[in-house]
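# Coordinate inspection notes
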Amino acid sequence: YKDALLASFTESLMTYALGRHVESYDMPTVRGIQRDAARHDYRLSALVLGVVKSQPFRMMSRPAQTETSVADRP
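Here goes a summary of the coordinates provided. The shown structure was predicted, so the numbers you read here are calculated from the model rather than taken from an experiment. (Residues numbered from 1 in each chain as written. Predicted model: local features only at pLDDT ≥ 70, side-chain atom pairs only at ≥ 80, totals over all residues. Heavy atoms only, no water.)

## Remarks on the packing of helix α1 (residues 2-18) against helix α3 (residues 44-53)
Rules: Lines are fitted to the C-alpha atoms to define the axes, a helix being fitted only along its stretch in contact, and any angle between axes, read from their N-to-C directions, falls within 0 to 180 degrees. A run of H or I in DSSP becomes a helix once it reaches four residues, and a run of E becomes a strand once it reaches two; helices and strands are each numbered from the N terminus. Geometric relationships in this document are graded by angle, where less than 35 degrees denotes roughly parallel, more than 145 denotes roughly antiparallel, 65 to 115 denotes roughly perpendicular, and other angles denote oblique. When the near helix sits turned anticlockwise from the far one by under a right angle, the crossing is termed left-handed; a clockwise turn instead gives a right-handed crossing. Here a residue-residue contact requires only that any non-hydrogen atoms of the pair lie within 4.5 Å. In this classification, Asp, Glu, Lys and Arg are treated as charged, Ala, Val, Leu, Ile, Met, Phe, Trp, Tyr, Cys and Pro as nonpolar, and every other residue, Gly included, as polar.
Closest axis-to-axis distance for the α1/α3 pair is 10 Å, and the angle between their directions is 45°. One way to sum up the angle between α1 and α3 is to call them oblique. Like other packed secondary-structure pairs, α1 and α3 cross with a definite hand, here right-handed. Every residue of α3 that contacts α1 at Leu 6, Phe 9, Thr 10, Leu 13, Met 14 and Ala 17 is listed here: Leu 44, Leu 47, Val 48 and Val 51. Among the residues making up the contact of α1 with α3, the classes are represented as 9 nonpolar, 1 polar and no charged.

Printed below as a string of structure tokens:
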């Protein structure tokens, strides 16, 4: 069950990191993260680093920050 557990964990980690569900087009990335983590004995740090270095994570849009003046602050 190791492969199923690893796949589920990696998908959950990607879901959390991306802030959206993992889609079918994300699966090659998920499998690549799993392959890279295998070279590092499936360490948690290897999985997290794989997610952070992945294209979906690097390319996701971030909400624009709005500037607030001192008068707007509570």
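Next, the rest of the story.
## Structural notes on α1
This is how it is decided: A helix's residues, less one, multiplied by 1.5 Å, set its expected span. Only protein chains enter the calculation, and the probe is 1.4 Å; a residue is then buried if its accessible area is under 20% of its type maximum, exposed if over 50%, and partly exposed in between. Directions from the helix axis toward the C-beta atoms define the arc.
Here α1 spans 24 Å end to end across 17 residues, near enough to the 24 Å set by a 1.5 Å rise per residue. Those residues of α1 lying buried are Leu 6, Thr 10, Leu 13, Met 14, Ala 17 and Leu 18. In a view along the axis of α1, the buried residues occupy a sector of 120°, so they form one face of it. Among the exposed residues of α1, those oriented more than 90 degrees off its buried face are Ala 4, Leu 5 and Tyr 16.

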